[in-house]
Amino acid sequence: MCEIFGLCASRDVRVNDYLKEFFSHSNKHPNGWGLAILEGNTAQIEREPIQASKSYYLHERLSADVTGKNIFAHIRFATIGDMEYNNCHPFTEKDDSGRLWTLVHNGTIFGYDKLNGYTYVQKGQTDSERVLLYIVDEINNAERQRGRLNAKERFELLDGIFADMSAGNKLNVLLYDGEYMYVHSNYENSLYFQQTEGGVVFATSPLDKGKWQLVPVTTLTAYSGGEKVFTGRRHGNIYKDNPDDLKYLFQAYSGL
């Protein structure tokens, strides 16, 4: 599995200590790293297809302050897709209205036919990029039919997408649309959050000795300014490891 990190806050927060601990886990997740500082409809993306702890650039980057209101980070353990720049998270995509969407994913899509067509248009090879492209297309389709969606309508659409896609798939996701950060986990004990001054931090595992709590599984939530704004329905699609899925990963990673 990969690891993901997210910050959603009402003011700029320095996250260097969090990130240094987070990226130190890259010995077990050596296939690339990424960092995104998100503000409205802009995303400053930095990523490399090398182990984070071996990156001279990242070492230098973390020697200066890393601050922001909304921040994503990712370290990759490759399951689908080679060790290449275009397979490193975060992924971004604009919808037809110009809204920029940014995603990091920890997990694997073992079967979801609605993603299949995106293998021909995506820049990389990952299922994670296909997830984002599909979400943006669903937003576009809904807005063509109904007009510009408001925040509640966007959330309700995403709530349905995550409920449907999570059946049989491992889908720990942080998603940002320029206004809201969406959080979803359906794999038990694999995504935590911590309230911090002015905001909330999410991570695959606790990053310090502070008070961390597990993100409730199988329920999409949305945050803005460090506060929870929307909570979706509990869909109940908890992912459980099974031997057939491990076989699928081996075949996919081996190119069989």
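In this report, we go over the structure that sits alongside the text. What you see is a predicted model; the values in this text were computed from it and never measured. (Residues numbered from 1 in each chain as written. Predicted model: local features only at pLDDT ≥ 70, side-chain atom pairs only at ≥ 80, totals over all residues. Heavy atoms only, no water.)

1. A word on the sheet that holds strand S7 (residues 170–176)
The strand order S5-S6-S7-S8-S12-S13 describes an open sheet built from six strands, whose pairing is antiparallel. Each edge of the open sheet carries a strand with a single partner, namely strand S5 (91–94) and strand S13 (227–231). Neighbour to neighbour, the strand axes of the sheet diverge by 25 degrees on average, direction disregarded. The sheet contact formed by S7 and strand S8 (residues 181–184) spans four bridges and is antiparallel. Looking at S8, one finds that Val173 is bridged to His184. Lying over the sheet, helix H3 (residues 127–146) contacts S5, strand S6 (100–108) and S7, oriented at roughly 135 degrees with respect to S6. Contacts from helix H4 (residues 151–165) reach S6, S7, S8, strand S12 (221–224) and S13, with the element oriented near 160 degrees to S7. (Pairing = 2+ DSSP bridges. Helix = DSSP H or I, 4+ residues; strand = E, 2+ residues; numbered from the N terminus. Axes fitted to C-alpha atoms, helices over the stretch in contact; angles between N-to-C directions. Contact = heavy atoms within 4.5 Å.)

2. Side note on the packing of H3 against H4
H4 packs onto H3 with a crossing angle of 135 degrees between their chain directions and a minimal axis gap of 11 Å. Between H3 and H4, the interaxial angle falls into the category oblique. Crossing of H3 over H4 shows right-handed handedness. Residues Val131, Tyr134, Ile135, Glu138, Ile139, Ala142 and Arg146 of H3 form the contact with H4, whose participating residues are Glu153, Leu157, Leu158, Ile161, Phe162 and Met165. (Parallel < 35°, antiparallel > 145°, perpendicular 65-115°, else oblique. Left-handed = near helix turned anticlockwise from the far one by under 90°.)

3. Remarks on unusual backbone geometry
Following His89, the chain continues to Pro90 via a peptide bond in cis, the omega torsion being 0 degrees. Despite not being glycine, Thr218 has its phi angle at roughly 60 degrees, a positive value. In this structure, Thr218 sits in the loop between strand S11 (213–214) and S12. With a relative accessible area of 0%, Thr218 lands in the buried category. (Buried < 20%, exposed > 50% of the residue type's maximum accessible area, 1.4 Å probe, protein only.)

4. Regarding the pattern of salt bridges
Where side chains of opposite charge bring their charged atoms close, a pairing between them can arise. Using the criterion set out here, one finds 13 salt bridges in the structure. One salt bridge connects Lys114 with Asp164, and the closest N-O pair in it is separated by 3.3 Å. One end of the pair, Lys114, is in the loop between S6 and H3; the other, Asp164, is in helix H4, and 50 residues separate them in sequence. Note on Lys114: relative accessible area 46%, which makes it partly exposed. (Salt bridge = Lys/Arg side-chain N within 4 Å of Asp/Glu carboxyl O.)

5. Considerations on the packing of aromatic side chains
Going through the model one piece at a time under the given rule, you end up with 15 aromatic pairs. Where Phe23 meets Trp33, the ring centres are 5.8 Å apart and the plane angle is 80 degrees; that geometry is what we call edge-to-face. Of this pair, Phe23 sits in helix H1 (residues 16–24) while Trp33 sits in strand S2 (residues 33–39); the two residues are 10 residues apart in sequence, bridging distant segments of the chain. An angle of 10 degrees between the planes, with centres 5.5 Å apart, marks the rings of Phe110 and Tyr239 as stacked. On the criterion of sequence distance, the pair formed by Phe110 in the loop between S6 and H3 and Tyr239 in the loop between S13 and helix H5 (243–254) is long-range, its members being 129 residues apart. On the basis of relative accessibility, which here comes to 15%, the residue Phe110 falls in the buried class. Taken together, Phe5, Tyr18, Phe22, Phe23, Trp33, Tyr57 and Trp212 form an aromatic cluster joined through their ring pairs. Positioned over the ring face of Tyr85 is Arg47, at 4.4 Å from the centre of the ring. Above the face of the Tyr187 ring, Lys170 is positioned so that its terminal group lies 4.6 Å from the ring centre. (Phe/Tyr/Trp six-rings, centres within 6.5 Å; stacked < 30°, edge-to-face > 60°. Lys NZ or Arg CZ within 6 Å of the ring centre and 35° of its normal.)

6. A closer look at the environment of Asn140
Position of Asn140 relative to the elements: it lies in helix H3. Overall, the relative accessible area of 5% leaves Asn140 in the buried class. In sequence terms Asn140 and Gln51 are 89 residues apart; their C-alpha atoms lie 36 Å from each other. Apart from residues lying up to four places away in sequence, Asn140 is in contact with Asp95 and Asp96.

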